[in-house]
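Fold and geometry: a report
Chain by chain, the residues:
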Amino acid sequence: MKKQMLSVSVAACMALSLTPATAFAATPEEAASSAVEAAAVSDGNAAVAVDEVVDGAVSDVVVLSDEAGNAVEAIEETPEASTSVAEVNGQAYDSLQGAIDASNGEVVKLTSDIALDAQAVVSSEVVIDLNGHKLTRGDTNKTADLVRVNSKGALTLRDSSGGNGTIESSNFKKDSDDKLYAGFAVLSQGSLTVESGTYKGYYGIVASDADSSLSMKGGTIEGTYIGMLVQVDANATIDGETAKITAGTCGVMVSGNKDATEDPTILTVNRGTISSPVFAIAGNGMDDGTKIAINGGTITSTRGVAIYHPQVGDLNIGGGTIEGAVGGVQYCGSGTLSISGGTLASSMPYSSFPSKPAEQGDGNADDGAALSLVSRGPGYQDNGGTMNVSITGGTLTSANNAAISVYRLKKIDDVWKTNSDTGIENYLNALSITGGTFTGGAQKGALEIDSAAAEALSVTAGTFGDNPLAFAKDGYVAKVNGSEYTLVEKKGLTSGTYVTKDGDAITGDDLASGYWISSSDNNTYVVAVVYVPPVTPSEPEPDKEVVTNPDGSTTTTVTETSKGSDGSTTTTVTETTEVRED
């Protein structure tokens, strides 16, 4: 408690024996002025506690007296401001680290904003509730990450306030030099679960090392440079409708361990939103060994390519919406790419071929394709590495360029060249299309394929915005429905309009039973059902029975059954007797 001494005149030589006692002033306003008087009239060794109004607030005043009852001093007692920053089960702690160490699996709830003077370390199972407060870097804190989860730690982050809780790590300068160092909100080498809250930094959240697992179920990550960095065999999953990642350059960077033969760095996106002006998701061509699965969510680049994949690694797209201003997905490393669902799109204006200014070094090319497969040679496809691509579903759309663009790219004499001008070989080993929907711009169409990659292409199914037969295998035709062409095998054809390759024809042997070619014009054939006139069933013969009577006459009984228009049946019995004439 803070104590303020109030002077009271006393005899200079009086021996004092001070003992506290308690009394109450009539009103708070009168307490301060009457404190000495109240003490003087009290009995014996008295101390009178009263209330005093100071700037409109009530505080405690303790007045002490001597043995004769003379007032000696009055002490104003004001409650000290709390120094606690967090609590665990109602127990207050003056430091976040103290609360973490004492939590024993219970929730650590922040009770005030904290400027951390040192890194907070999690080495066990801990839940931190930001509770609407802000965790920032203190002036003396020279560690990159404000919160670190070590390999034995398991941290869950949440914000029960509903949106204001934040961990923000600013960049900093060390005392030893004048360089600017990057700040991370959280670095996890153990287990990290993000349920809610906001996390900011040059890198928002970093998951690193083989023991590191990151699960983002909600919350917001904001990176000045990179939102989420997943590296060195870490495993990250984004699976929450409210999960949101934004960044100045790359929403999520997936970086391997430089050796594709080791366990991969893994990223799985099931739900959530990832956006950035440059790359929403990207790898690093120098750090191979990644495995990326996109099963849902919205992945967007407002000025660049939504997913840029220059490294050795596998990419599996089964769902979600992937859209980039200059390209949906650009795969220019080596490994396996599988697309079974989802939407890939780009809206870049028409370009005769990839646009890449001479001053640019490595990085993506702007081709406007929903999917581009780029052979770039050493540095991208090393040690015999190739691209193996399988498309069984999904929707790939480019507003003004090709839905799928396959080409070679290399910088020669400070000018970016494509295809035969590059002097490099094709690294696309296989592109198999057995399903999906593909629509390109009017000038390029759905498919734009480098002639050097033609033998790698196998197109046997799918729906296209223009005639795909130039790329299809022999034995296939396209069924036309408005502006769409669906590739089908040329056998068992049923009703519809079909087009064939030049020199090919549809014959009766290619049709299903009961169908015929109703018309044909050059390479266009119309197949229809064979017309069979309806058969009107004949009325059944009536039953007729003839009986010879004893008198020699005969009786004929005729039974007829007929069906009415309402489906009912009527039975009529007629008997006729003929008399025998002798």
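The text that follows walks through the structure, step by step, so that each part is easy to find. Because the structure is predicted, anything quoted here is derived from the model rather than measured. (Residues numbered from 1 in each chain as written. Predicted model: local features only at pLDDT ≥ 70, side-chain atom pairs only at ≥ 80, totals over all residues. Heavy atoms only, no water.)

**Side note on the overall build of the protein chain**
Rules: Helix numbering and strand numbering both begin at the N terminus, where a helix is a DSSP run of H or I of at least 4 residues and a strand a DSSP run of E of at least 2. Buried means the residue's accessible area, taken with a 1.4 Å probe over protein chains only, is under 20% of the maximum for its type, while exposed means over 50%, and partly exposed covers the values in between. Only heavy atoms enter the contact rule, under which two residues are in contact if any of them lie within 4.5 Å. Each accessible area value is a Shrake-Rupley result obtained with a 1.4 Å probe; residue values ignore everything except the protein chains displayed when judging cover.
Along its length, the protein chain carries two helices and 51 strands. The buried share among the 582 residues of the protein chain stands at 45%. Contacts in the protein chain between residues at least 24 apart in sequence constitute 53% of all its contacts with a sequence separation of at least 6. When the accessible area of the protein chain is evaluated, it comes to approximately 27900 Å², of which 46% is carbon and sulfur surface.

**Section: a nonpolar patch on the surface**
Note the threshold: Note on patches: the residues involved have over 30% relative accessible area and no salt bridge, like charges join within 9 Å, and the nonpolar side chains Val, Leu, Ile, Met, Phe, Trp and Tyr join within 5 Å. Within this document, salt bridges are pairs made up of a side-chain nitrogen of Lys or Arg and a carboxyl oxygen of Asp or Glu, the two lying within 4 Å of each other.
Among the surface-exposed residues, Trp516, Val530 and Val532 lie close enough to one another that they form a single nonpolar patch of about 290 Å² accessible area. Residue position: valine 532 is located in the loop between strand 48 (524-529) and strand 49 (543-548).

**A look at the side chain of threonine 198**
Tracing the sequence through the fold places threonine 198 in strand 19 (residues 198-208). On the basis of relative accessible area, threonine 198 is assigned to the buried category, the value being 12%. With residues near it in sequence (within four places) discarded, threonine 198 still touches Gly163, Gly165, Thr166, Ile167, Thr220 and Glu222.

**Side note on the pairing of strand 35 (residues 343-346)**
Note the threshold: Two strands qualify as a pair provided that DSSP identifies no fewer than 2 bridges between them.
Where strand 32 (residues 321-324) meets strand 35, four bridges bridge the pair, whose relative direction is parallel. From the neighbouring strand, threonine 321 faces strand 35, where its bridge partner is threonine 343. The pairing of strand 35 with strand 38 (residues 395-398) spans four bridges and is classified as parallel. Within strand 38, the position partnered with serine 346 by the bridge is serine 398.

**Some thoughts on the environment of isoleucine 412**
Along the polypeptide, isoleucine 412 turns up in strand 39 (residues 404-412). A C-alpha to C-alpha distance of 9.5 Å links isoleucine 412 and glycine 423, two positions eleven residues apart in sequence. With residues near it in sequence (within four places) discarded, isoleucine 412 still touches Lys417, Asp421 and Thr422.

**A short note on the pattern of salt bridges**
Counting across every chain of the model gives twelve salt bridges. In this structure, the salt-bridge partner of aspartate 178 is lysine 173, at a minimum N-O distance of 3.3 Å. Its relative accessible area of 59% is what places aspartate 178 among the exposed residues. Arginine 271 serves as the salt-bridge partner of glutamate 241, at 4.0 Å between the closest nitrogen and oxygen.

**Digging into the packing of aromatic side chains**
Note the following rule: Put simply, two rings from Phe, Tyr or Trp (the six-membered ring, in Trp's case) pair if the centres are within 6.5 Å, and we call them stacked under 30 degrees between planes, edge-to-face over 60, tilted for the rest.
For the structure on display, the rule yields eight aromatic pairs. A ring pair is formed by phenylalanine 172 and tyrosine 181, whose centres lie 5.8 Å apart and whose planes are at 20°; its orientation type is stacked. Relative accessible area serves as the criterion here: at 24%, tyrosine 181 is assigned to the partly exposed category. Between tyrosine 202 and tyrosine 203, the ring centres sit 5.6 Å apart and the planes meet at 75°, which makes this aromatic pair edge-to-face. Taken together, the ring pairs in this structure connect Phe184, Tyr202, Tyr203 and Tyr225 into an aromatic cluster.

**Focus on the environment of serine 124**
Relative to the assigned elements, serine 124 resides in the loop between strand 9 (120-122) and strand 10 (125-129). Looking at serine 124, the relative accessible area reads 36%, which means it is partly exposed. Through-space distance from the C-alpha of serine 124 to that of alanine 154 is 5.8 Å; in sequence the pair is 30 residues apart. With near-sequence residues (within four places) excluded, serine 124 lies in contact with Lys152, Gly153 and Ala154.

**Quick look at the pairing of strand 34 (residues 335-339)**
As paired elements, strand 31 (residues 313-317) and strand 34 share three bridges and run parallel to each other. By the bridge assignment for strand 34, isoleucine 317 is matched with isoleucine 339. Pairing geometry for strand 34 and strand 37 (residues 387-391), over five bridges, is parallel. Directly across from threonine 336, in strand 37, lies its bridge partner asparagine 388.

**Points about unusual backbone geometry**
Here asparagine 104, not a glycine, exhibits a phi torsion of approximately 50°, which is positive. Positive phi, normally seen in glycine, also occurs at asparagine 419, with a value near 50°. Take asparagine 419: it is sitting in the loop between strand 40 (415-418) and strand 41 (428-439). A residue is classified by how much of its surface remains accessible, and asparagine 419, at 15% relative accessible area, is buried.

**Thoughts on the side chain of threonine 290**
Convention followed: Definition of a polar contact: a pair of N or O atoms within 3.5 Å, with one able to donate and the other able to accept a hydrogen when the atoms are protein atoms, and with sequence-neighbouring residues admitted only if both atoms are side-chain atoms.
Position of threonine 290 among the secondary structure elements: in strand 28 (residues 290-294). In this structure the side chain of threonine 290 is engaged in a polar contact, spanning 3.0 Å, whose partner is the side chain of glutamine 311. In contact with threonine 290, not counting residues within four places along its chain, are Val254, Ser255, Gly256, Pro264, Thr265, His309, Gln311, Val312, Gly313 and Asp314.

**Some details on the environment of serine 432**
Relative to the helices and strands, serine 432 is located in strand 41. By relative accessible area, serine 432 is classed as partly exposed at 24%. Sequence separation between serine 432 and valine 459 is 27 residues; the distance between their C-alpha atoms is 6.1 Å. Excluding residues within four positions of it along the chain, serine 432 makes contact with Val389, Ser390, Ile391 and Ser458.

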